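These are the residues of each chain, in order.
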Amino acid sequence: TPQAARAVHVVTIADTAPVPVFTGARSDVGAGISSFVDGPLSYEANQSGAFSREFPIGKTDGTISDYRHLRLNLNYASAGASVYSAEMFLEDRSNAYTFPSIPCPDVLGIISTVRYWNVEATTLTGLTNAFATVDYDLVEANDQVANATEVRLLKEVGTAWENVSCGQGGTANGKGSISSLAITGLGDF
């Protein structure tokens, strides 16, 4: 396959290794299917106002390299030291939480069985709101997004999935991204 012939530059973070923590904003320029962090990635921040954090994360399972960029746009009323960590998993979490029951005009058919992202912060004190954006790709690893207008971003809230992109779809068919509306918590997406 074309993927097997590709040179892959992946930084793998072992389960027992300390998670790298970056300070300040970083760019994910150069990140992609052949260059990403396989494992958790963390950023430290202590600022107020609006700022973003880019997570060039993915997974390898021995046969495929699966890169899925994640961006957090954060708005803080007051500065508070926090460490933001994100990791993508190639696991089925569709049944980990109950089907969304929050009222929303969107009709949801299925929940992805391909992957999920876990995004956490040491504290959210002072957070006004946040927006999460994740990538999808029909070609590299089938995310099953043939119709971008129908894709939605779900986030776990307690024991249920919640549609956090209510009413808005992805950016393009096949390969694109989906963003949440304003959220005030993090977790599994």
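Residues numbered from 1 in each chain as written. Predicted model: local features only at pLDDT ≥ 70, side-chain atom pairs only at ≥ 80, totals over all residues. Heavy atoms only, no water.

### Observations regarding the environment of Leu41
- Looking at the element boundaries, Leu41 is found in strand β4 (residues 41–45).
- Residue Leu41 is classed as buried on the basis of its relative accessible area of 1%.
- Note: C-alpha distance between Leu41 and Met88 (47 residues apart in sequence) is 9.8 Å. (Helix = DSSP H or I, 4+ residues; strand = E, 2+ residues; numbered from the N terminus. Buried < 20%, exposed > 50% of the residue type's maximum accessible area, 1.4 Å probe, protein only.)

### Comments concerning the sheet that holds strand β8 (residues 70–76)
- Spatial strand order, β5-β8-β11-β14: four strands in an open sheet with antiparallel pairing. Across the chains shown, the open sheet's two edge strands, defined by having one partner strand only, are β5 (49–55) and β14 (175–179). The mean inter-strand angle of the sheet, taken between neighbouring strand axes irrespective of direction, is 15°.
- Examined bridge by bridge, strand β11 (residues 127–137) and β14 share five bridges and lie antiparallel to one another. When the sheet's bridge partners are listed, Asp137 is paired in β14 with Lys175. (Pairing = 2+ DSSP bridges. Axes fitted to C-alpha atoms, helices over the stretch in contact; angles between N-to-C directions.)

### Observations concerning the confidence of the model for the protein chain
- Looking at the protein chain, the pLDDT average stands at 82 and 81% of residues meet or exceed 70.
- Predicted confidence in the protein chain is weakest over strand β1 (residues 9–12), with a mean pLDDT of 49, and strongest over strand β15 (residues 187–188), with 96. (pLDDT = per-residue confidence, 0-100.)

### Observations regarding the nonpolar core
- Residues Phe55, Leu70, Leu72 and Tyr84 are the most contacted members of the largest nonpolar core, which totals 30 residues.
- Put simply, the parts of the chain that give this core at least two residues each are β4, β5, β8, β9 (82–89), β10 (116–121) and β11.
- Those residues in contact with Tyr84 that sit more than four places away from it in its chain are Leu41, Ser42, Tyr43, Ala45, Phe51, Phe55, Leu72, Leu74, Tyr76, Glu120, Ala121 and Leu186. (Core = buried A, V, L, I, M, F, W, Y, C linked by side-chain atoms within 4.5 Å. Contact = heavy atoms within 4.5 Å.)

### Quick notes on the environment of Gly80
- The topology assignment puts Gly80 in the loop between β8 and β9.
- The exposure class assigned to Gly80 is buried, which follows from its relative accessible area of 18%.
- Separated by 46 residues in the primary sequence, Gly80 and Gly126 place their C-alpha atoms 6.6 Å from one another.
- With sequence-adjacent residues up to four places away left out, Gly80 is seen in contact with Ala45, Asn46 and Gln47.

### Observations regarding the pairing of β10
- In the sheet, β9 pairs with β10 via six bridges, with the strands oriented antiparallel. Across the sheet, the residue bridging to Met88 is Trp117, located in β10.
- The pairing of β10 with β15 spans two bridges and is classified as antiparallel. Its bridge partner lying in β15, Asn118 is registered against Asp188.

### Things to note about the environment of Phe89
- Residue placement: Phe89 occurs in strand β9.
- Taking the relative accessible area as the measure of exposure, Phe89 reaches 18% and is therefore buried.
- C-alpha of Phe89 to C-alpha of Thr60: the two residues are 29 residues apart in sequence and 9.5 Å apart in space.
- Excluding residues that lie within four positions of it along the chain, Phe89 makes contacts with Lys59, Val114, Arg115, Tyr116 and Asn118.

### What about the pattern of salt bridges?
- Going through the model one piece at a time under the given rule, you end up with seven salt bridges.
- Lys59 is the salt-bridge partner of Asp38, the closest N and O atoms lying 3.4 Å from each other. You can see Asp38 sitting in strand β3 (residues 35–38) and its partner Lys59 sitting in strand β6 (residues 57–60), a full 21 residues away along the chain. Each member of the pair, Asp38 as well as Lys59, carries the same accessibility label: buried.
- One salt bridge connects Lys175 with Asp137, and the closest N-O pair in it is separated by 3.8 Å. Highlighted residues: Lys175 in strand β14 and Asp137 in strand β11, separated in sequence by 38 residues.
- Asp137 gets classed as buried once you look at its relative accessible area, which sits at 6%. (Salt bridge = Lys/Arg side-chain N within 4 Å of Asp/Glu carboxyl O.)

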